[in-house]
Structures are given as structure tokens and as C-alpha cells.
Amino acid sequence: MGYRLPLDSLPWAALGDLAPAHQADPTWPRRPLPPAPAPVRAQAAGGAAPAQGVSAAGTVRTALCVEPRGGVLHVFLPPVPDAEGWLALVAAVEGAAADTGLAVQLEGYGAPSDARLRLLQVTPDPGVIEVNIHHSTSWDELAATTRRLYQEARACRLGAEKFMLDGRHIGTGGGNHITVGGPTPLESPFLRRPDLLGSLVAYWHNHPSLSYLFSGLFTGPTSQAPRADEARSDTAYELQTALRQLPVDGSSPPWLVDRVMRHLLIDLTGNTHRAEFCIDKLYSPDSAGGRRGLLELRAFEMPPHPEMSLAQQLLVRALVARFWREPYRAPLAQWGTQLGDRWALPWAVEKDFAEVLAETRAAGIPLDDGWFAPHREFRFPRQGAVVVDGVELELRQAIEHWHVLGEEGSANGTARYVDSSVERLQVRLSGATPGRHVVTVNGVPCPLHATGTGGEYVCGVRYRAWCPPSCLHPTVGVHAPLVFDVVDRWNARALFGCTYHVSHPGGLAYEVRPVNANAAETRRQSRFVPFGLTPGERPIGDVPIDADFPFTLDLRRGS
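Notes on the structure follow. (Residues numbered from 1 in each chain as written. Predicted model: local features only at pLDDT ≥ 70, side-chain atom pairs only at ≥ 80, totals over all residues. Heavy atoms only, no water.)

## Some points on the packing of aromatic side chains
In the structure shown here, the tally under the stated rule is twelve aromatic pairs. Between Trp 204 and Phe 277, the aromatic rings sit 5.5 Å apart at their centres with planes inclined by 90 degrees, giving edge-to-face as the arrangement. Placement of the pair is Trp 204 in helix H5 (residues 194-206) and Phe 277 in strand E11 (residues 277-278), with a sequence separation of 73 residues. By relative accessible area, Trp 204 is classed as buried at 2%. Assessed through its relative accessible area of 4%, Phe 277 is described here as buried. Geometrically, the ring pair formed by Trp 347 and Phe 551 is stacked, given 6.1 Å between the ring centres and 25 degrees between the ring planes. Here the residue Trp 347 occupies a position in helix H10 (residues 346-362), and Phe 551 occupies one in the loop between strand E24 (528-529) and strand E25 (552-554), the gap between them amounting to 204 residues. With relative accessibility at 16%, the residue Trp 347 sits in the buried group. Cluster of aromatic residues (ring-pair linked, three or more members): Phe 214, Phe 300, Phe 353 and Phe 372. The ring of Trp 324 has Arg 193 lying over it, and the distance from NZ or CZ to the ring centre is 4.6 Å. (Phe/Tyr/Trp six-rings, centres within 6.5 Å; stacked < 30°, edge-to-face > 60°. Helix = DSSP H or I, 4+ residues; strand = E, 2+ residues; numbered from the N terminus. Buried < 20%, exposed > 50% of the residue type's maximum accessible area, 1.4 Å probe, protein only. Lys NZ or Arg CZ within 6 Å of the ring centre and 35° of its normal.)

Right, here's the structure in full:
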């Protein structure tokens, strides 16, 4: 009922009749909230001032709507500009509910943004339940809240993991966004020291593992949390220019950091919320709700276990503490096409993240590599491996950026699809003899690169896994199954290999998702066959290497 009020029946207010209604700026100094008021009894609620709002020429323009539905009394709260008035209104409703003995459900407008209120918000979202927990003031409180959240979700038969049709174990796609701020907006470390935000942005830029190790399947320039340099080739240059404008002594007005960084921390459409570093609640001039001193890190997917979530949050806390003591001043790297080439491989991500942990330990913060081993295995699952005579061929899932396609109209409206039909595997060959052993996939030699470890080589293989009605390059067919061979160039013959099936190895279609982890593992194991071995002589000449994507063999381009 609250959304269907007969607003047209209200008389038009003359200029000056209404006092300007606005939300108080959250940076203004405020007194502590008074103790919880005693419940206001029903007979006294009729004259309660907080629910009346502002009148124009004697007309009440704010309404409290009460409607019985399904045996419950639903109370639609009007917008109230301050926390004191909102709490008094809720106390009046509670008092009336206590007097009448009725079950009451509050709905309508929530509490105004106020640092003195601790809010726990649960919102239904497509495919997930979004839970925004209240801020924590200590590590013990944060750990207890995270563990309790997972426990309560499990009790409701909810989880942060699922299985794809092919048996792959993934997250739900829900974000594990980490929000950092202060007790009040002006106490936020990012407003007190704008260089702290600059240090985090620059460090994430120079270490792509922080962007990709904890993310979900949807990555890339059109994802929910794109890196600043994924969409525009000149962003690194402009970002470096902006970082030089952030003072290191903290002597800057709070609005400076928003003005300097706002138009760079965006996605390719200019959306400030859909960015890896979201600052639309830091100190935005647009509204009072945007001046809360908060930085939201969005490139984190909800992991399946609470301890994995706590490891992510511990890493962020460690880097904030590290850069508060010593700002990060290294120049920004120009990654270019490497973000879709070398940094798509688990080997590169794991090596870079090991460097992040080593640097943090050197700064006096002891982070153990083993704490993040579950993240590595969950993000880059091993599909299978074959070992013959000390030479090992291993396949792991790699990163493939998904792209939002162009608009397509229909009788039901306009849609934009996401192309998830292309996948990528990492091929790792260890124990090989340089110049002798080569890996081919479907007869095409792979551009293997040495990792620095003796006899170990890696590369990525892009392939079309399935062909949807709308996708990039729709005339390119499916490449599965992928037959890998380890070829001895000296003798021009295949030594051993393996076969990777994208879906059912018998060519059937799975009709339902796996019912549990055992069923999912069975599907994963059945898709990897530990033999390939294409017969006949296999002379291998020079392996062609793409200058822009040297680590990648793209089967969509043929041989």
C-alpha cells in the first residue's frame, strides 16, 4: 500500500510552504544516540511528532501506512531524515504491537545513513542472497561475524558454492566485496591519507594476481569488477598522472580523493560502482549517502568456506597496514595484451601472488603461503595429468575473460548476452628436454615458454567449448575434444598424451547438475582420459608465436 498512495489528491504546495527536506551530511559532528526509548503505548502514539513530517498549509504530507496481509500487520515506514526520528518511530510501532499483541512486519523506507547505526541488510538478488554485514572494529569481531554468517546460511540450506553441469566446482557468483572505512566518515583512513588509496590502486595494478586469484568466472573489461586498465589502453598513463596528485602528508580536503580518482576507477561505460575499486561511497558530492568514507573492493567472489573468506580479509588488512606505514611508489606497469595472455595462466598468477606474500612478510606482516593454497586450487582446478618416463603433462583450468555482446532486439525487449563459450586451459610440461619435447593439441604445436624451473614449460590454449546462438565468431565450430600429444622431435613421433572432453565423453548432454561433490568429481574424472597418442610420424617445424599473445594458442584461428 505504501507505494500506491493517492499522491495526486494532495494540494499543490506553494513555494516556501515546505521546508527543504534533505538527509543530514554524514560528516557533520553528531551526539551519541540516546538510550533505547521505552516503548510508546498505543494511546500516546496518535500525537507522536516523528511520523507526521512537514506540513504545507495545514496538510500532512507524510503517511504511515498500515495494511493487514496474510495474518500479519505490515507497517510501511515513511522516509525519516534523521536517525533519532527513525528510532522514535520504530519505538512507537513496537509499543503499539506490544499493546495489541499483533505480529508486525516493518517495510518501506529503511533507516537513514548514519555511522551511529549498525545495520545488517539481507537482500534477494538474482541467483543469490546478498548480505551486507555491519562494520567490525576488531579482527576477533570480524572473524566471529564471518563464521556465524556461514553457519546461519548453512542452517537455511544456503551455500557459497555450486557445481556446473560438467562437474566443475565453482562459487555462486555472489560477491565477497570487502569494504574498508573508519568509525565515522572523516576518520576513514582514505580521507585522512589519500595516498593510501593510491598505494592500493597502484599495487593491485602492478600485481594482477590480486585481481584474478580471488575473482569468479566473469572477468574482463565488461565484468562486474574490471581492472582500470582492462578497458582503455591509456589508463595506466592517466592513472599514474592522477596518483601524483594525491598528497602523502594528509593535508588535503576530503573531497580531493574523489575528484582525482572518480573518472578513472570506472568500467568502460563510466559506471563508478562496477569497478574493481569502488569509491562512490568515499566522499561523493552527489548525495549525503555517498560521503561515508568507504572503499569497496569488488574483485572478490564469495569462497565456499569461511576460513577462505577470512584469509581474503586478512590479506586486505595486511596491505592496508603495510601501505599506511610506507606508501607504495613504484611506477605502473604497461601490461597491455598480457592481461589476456600471460596473466590468464595459473603459473603466472601463483608466481606473482607468492611475490606479494614475500614482500608483505618482508614488511613485518607474516602471511603464510599455505593459507591461500585452497584459493589457488579452487580458482585453477587441476583437470588431470600424465607422467611417462619422468616427463609430466598437466592440464589446469585457466582464466578466460567473458565479453558482453552487442544489443539484440526481440519482441520481448532488448537483451545483451555474455559470451562464455570460449575457455582456456594451461598446459604445463615438466621434466622435458629443451629442443626435443613439444606438445600438440589437435595436431597444432603449442607455444611453450620456460618458467625458469629446469625442464618446465607452460602455455595457454583457447578453444570454443560450445556454440551458443549468440557469440563472438559464430562460424567457428567447437574444438572439443582436445587431444594432447607429447611429441619427440628427434624421432618425429608422439610419446604419450591425454584427451580432454569439455562435457560428457560419450557426446551426451547432462540433464541435471551433480547432486553432491562425489557426483561432480565423477563427471570431472570421466572428462579426462590419460591417453592421446596420435599415430604416425609427427615432424614438427618451428612453432608460430603470436607477437601480441605469445603465451596463447588460439584454436579459433586455426593452425
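## Concerning the pattern of salt bridges
Any two side chains of opposite charge can pair, given that their charged atoms come close. Evaluated as defined, the whole model comprises 31 salt bridges. A salt bridge links Glu 456 to Arg 428, with the shortest nitrogen-to-oxygen separation between them at 3.1 Å. In this pair, Glu 456 is assigned in the loop between strand E20 (449-450) and strand E21 (457-464) and Arg 428 in strand E17 (residues 422-430), connecting sequence segments 28 residues apart. With relative accessibility at 16%, the residue Glu 456 sits in the buried group. Three or more residues joined by partner-sharing salt bridges are found here, namely Glu 377, Arg 382, Glu 392, Glu 394, Arg 396, Arg 428 and Glu 456. (Salt bridge = Lys/Arg side-chain N within 4 Å of Asp/Glu carboxyl O.)

## A word on the sheet that holds strand E10 (residues 178-180)
Read across the open sheet, the three strands follow the order E10-E12-E11; overall the sheet is antiparallel. The two strands at the open ends of the sheet, each matched to only one other strand, are E10 and E11. In terms of strand pairing, E11 meets strand E12 (residues 295-297) through two bridges, oriented antiparallel. Counterpart to Phe 277 in the pairing with E12 is Leu 297. (Pairing = 2+ DSSP bridges.)

## Thoughts on the packing of H5 against helix H9 (residues 306-325)
At a closest axis distance of 9 Å, the pairing of H5 and H9 adopts a crossing angle of 120 degrees. Classed by the angle they form, the pair H5 and H9 counts as oblique. In terms of crossing hand, the pair formed by H5 and H9 is right-handed. The residues of H9 that touch H5, namely those facing Leu 196, Ser 199, Leu 200, Tyr 203 and Trp 204, are Leu 319, Val 320, Arg 322, Phe 323 and Trp 324. Here the contact of H5 with H9 is built from residues that sort into eight nonpolar, one polar and one charged. (Axes fitted to C-alpha atoms, helices over the stretch in contact; angles between N-to-C directions. Parallel < 35°, antiparallel > 145°, perpendicular 65-115°, else oblique. Left-handed = near helix turned anticlockwise from the far one by under 90°. Contact = heavy atoms within 4.5 Å. Nonpolar A, V, L, I, M, F, W, Y, C, P; charged D, E, K, R; others polar.)

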